[in-house]
Amino acid sequence: ALVTSLPNFRVFSPSSDEEMNQVVRQSYESSGPTYIRIGKSDGGFSGSFPNSIIEPYLVTTGSMESIALIAHGAMTARVHGLMSSGEIPNLDMWSCPTIFPIPQSFMEILLDRYTDVIIIEEHLETGGLKSMLLNLLGQTSTRVHGICANRAFHHGVGSYSWALGQHGLGNQ
């Protein structure tokens, strides 16, 4: 959250090797500062990617046209897996490797297509993608919902699945 207040700072959260390659290349070629958030999971997303995957892109087209899911980083593979297995409804799902600044073209898509946007992220509600979208879409008719990490410090060591459960992002 702090780096987004700095001038010309860009924040990325890639969800796959392909996205990481694009983000690193873009960061190297950029003249401004960049923060790349690297997730805690080794479960990278693999799917079909557009030519330039720095911009948010549609991963799957769902059956509920007015609701979109947006994920970034390790949550992209997790959400896609849950959707593929039928554990969560089949919705339009977006991968959003660019966390800040959020591209204006993506904001226009969200406003034009969806009444509800659900962000699923390994981040607290404050300072993450959800709070940025809420800030940008808050005065519109598009509702923003978030499934985000709990604000708590946890004592313990465990697997990635255990950590997700501790932060309220498990399968429950």
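The rules behind each value
Residues numbered from 1 in each chain as written. Predicted model: local features only at pLDDT ≥ 70, side-chain atom pairs only at ≥ 80, totals over all residues. Heavy atoms only, no water. Axes fitted to C-alpha atoms, helices over the stretch in contact; angles between N-to-C directions. Helix = DSSP H or I, 4+ residues; strand = E, 2+ residues; numbered from the N terminus. Parallel < 35°, antiparallel > 145°, perpendicular 65-115°, else oblique. Left-handed = near helix turned anticlockwise from the far one by under 90°. Contact = heavy atoms within 4.5 Å. Expected span 1.5 Å × (residues − 1). Buried < 20%, exposed > 50% of the residue type's maximum accessible area, 1.4 Å probe, protein only. Arc of directions from axis to C-beta. Pairing = 2+ DSSP bridges.

## Thoughts on the packing of helix 3 (residues 104–113) against helix 4 (residues 129–137)
Here helix 3 crosses helix 4 at 70 degrees, and the two axes come no closer than 12 Å. Regarding the angle of helix 3 to helix 4, the classification is roughly perpendicular. Here helix 3 and helix 4 pass one another in a crossing that is right-handed. Between helix 3, through Met-107, Leu-110 and Leu-111, and helix 4, the contact on the second element is made entirely by Leu-133, Leu-136 and Leu-137.

## Remarks on helix 1 (residues 17–29)
Compared with the 18 Å implied by 1.5 Å per residue over 13 residues, the 18 Å span of helix 1 between its first and last C-alpha is a close match. Taken together, the buried positions of helix 1 are Glu-19, Val-23 and Ser-27. End-on, the buried residues of helix 1 take up no more than an arc of 65 degrees, which puts them together on one face. Exposed side chains of helix 1 directed beyond 90 degrees from the buried face belong to Asp-17, Tyr-28 and Glu-29. Each element contacted by the buried residues of helix 1 is listed here: strand 1 (10–12), strand 2 (34–36), strand 3 (57–60) and strand 5 (91–95).

## Let's talk about the sheet that holds strand 3
Spatially, the five strands line up as an open sheet ordered 3-5-4-7-8, and their pairing is mixed. Looking at strand neighbours, the two that pair on one side only are strand 3 and strand 8 (143–147), the edges of this open sheet. Strand-to-strand twist in this sheet, taken as the mean axis angle between neighbours without regard to direction, amounts to 30 degrees. Across five bridges, the pairing between strand 7 (residues 116–120) and strand 8 is parallel. What sits directly across from Asp-116, in strand 8, is Arg-143. In the packing of helix 2 (residues 74–84) onto the sheet, contacts are made with strand 3, strand 4 (64–71), strand 5 and strand 7, and the angle to strand 5 comes to roughly 160 degrees.

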